[in-house]
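Each chain is listed here by its residues.
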Amino acid sequence: MRLKRRKLGLIKMGYGGSLKDAGQAIGKSGDGGIDGIIKEDRLGLDAIYIQAKRWENTVGRPEIQRFAGALIGKQPKKGVFITTANFSKEAIEYAKDTGNIVLIDGPDLAKLMIEYDVGVSTVKTYDVKKMDQDYFEDQ
């Protein structure tokens with residue numbers, strides 16, 4: 001997943017400032033476990049660090065611990081770990097214990113994408129009709 005796409009989704013959810021200054025990509029070799037940063041609000045008072053993994057295997061506690069370690073020394077220390085896969089029970093418990101990491105797994109990601117209309121397109125819509133009773137009134 002590329003940060004630009006994630007950033008657009010997070011902006012649609014109400015994070016960041018303008019599209020131009022809402023966040024920045026960091027993810028590259030030696031990124032220390034941080035793929036990007038996005039502003040928590042339009043004023044830029046706080047930042048959220050992002051890690052994203054397109055995986056098929058379950059994301060375990062060690063990956064969440066590495067991400068938590070990457071947040072140490074960052075101000076603020078909030079993070080979102082996004083994956084197309086699932087998280088292990090141990091990873092979920094560890095994230096809850098940190099109090100500052102939100103986990104978004106594949107099913108949650110799909111729901112958010114649909115809710116905020118990010119990375120999805122409408123294939124078909126249906127019109128639901130109801131009878132107009134005024135049409136049959138006597139004149």
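Because the structure is a prediction, the values reported are computed rather than measured.

Quick question: what am I supposed to make of the confidence of the model for the chain here?
Any segment with low pLDDT has predicted coordinates that should not be analysed in fine detail. Residues with a pLDDT of 70 or more make up 75% of the chain, whose mean pLDDT is 82. The least confident element of the chain is helix α1 (residues 3-12), whose mean pLDDT is 55; the most confident is helix α3 (residues 89-98), at 97.

Can you help me understand the nonpolar core in this one?
Buried together is how nonpolar side chains tend to be arranged in soluble globular proteins. Counting 17 residues, the largest nonpolar core has Ile-34, Ile-64, Phe-81, Phe-87, Ile-101 and Leu-103 as its most contacted members. Those elements that provide at least two residues to this core are β3 (47-53), α2 (61-71), α3 and β5 (101-104). Broken down by element, the residue count for this core peaks at five residues, all from α2. Not counting the four nearest positions on each side in its chain, Ile-101 is found in contact with Ile-64, Phe-67, Ala-68, Leu-71, Gly-79 and Ala-95.

Hey, could you run me through the side chain of Ser-88 in this one?
As for its placement among the helices and strands, Ser-88 is situated in the loop between β4 (78-83) and α3. A polar side-chain atom of Ser-88 sits 3.0 Å from the main-chain amide nitrogen of Ala-91. Excluding residues that lie within four positions of it along the chain, Ser-88 makes contacts with Thr-58, Val-59, Gly-60 and Arg-61.

In this structure, what is going on with a nonpolar patch on the surface? I would like to understand it.
Together, Met-131, Tyr-135 and Phe-136 line one region of the surface with nonpolar side chains, adding up to about 420 Å² of accessible area. Positionally, Phe-136 belongs in the segment after α4 (106-115).

What is the right way to look at the environment of Glu-63 in this model?
On the secondary structure map, Glu-63 appears in helix α2. When the C-alpha atoms of Glu-63 and Gly-33 are compared, they prove to be 8.9 Å apart, with 30 residues separating the residues in sequence. Dropping the residues within four chain positions of it, Glu-63 is found in contact with Trp-55 and Phe-81.

Help me out: how do you make sense of the pairing of β3 in this one?
Consecutive side chains of a regular strand alternate in pointing toward one face of the sheet and then the other. Here β3 lies mainly inside the structure; six of its seven residues are buried. Summarising the sheet, strand β2 (residues 36-39) and β3 pair through four bridges and their orientation is antiparallel. Within β3, the position partnered with Ile-38 by the bridge is Ile-48. The pairing of β3 with β4 spans six bridges and is classified as parallel. Bridging from a neighbouring strand, Lys-53 pairs with Thr-83 of β4.

The rules behind each value
- Residues numbered from 1 in each chain as written.
- Predicted model: local features only at pLDDT ≥ 70, side-chain atom pairs only at ≥ 80, totals over all residues.
- Heavy atoms only, no water.
- pLDDT = per-residue confidence, 0-100.
- Helix = DSSP H or I, 4+ residues; strand = E, 2+ residues; numbered from the N terminus.
- Core = buried A, V, L, I, M, F, W, Y, C linked by side-chain atoms within 4.5 Å.
- Buried < 20%, exposed > 50% of the residue type's maximum accessible area, 1.4 Å probe, protein only.
- Contact = heavy atoms within 4.5 Å.
- Polar contact = N/O pair within 3.5 Å; in protein donor to acceptor, adjacent residues only side chain to side chain.
- Patch = residues over 30% accessible without salt bridge, like charges linked within 9 Å, V, L, I, M, F, W, Y side chains within 5 Å.
- Areas by Shrake-Rupley, 256 points an atom, 1.4 Å probe, with all protein chains shown as cover.
- Salt bridge = Lys/Arg side-chain N within 4 Å of Asp/Glu carboxyl O.
- Pairing = 2+ DSSP bridges.

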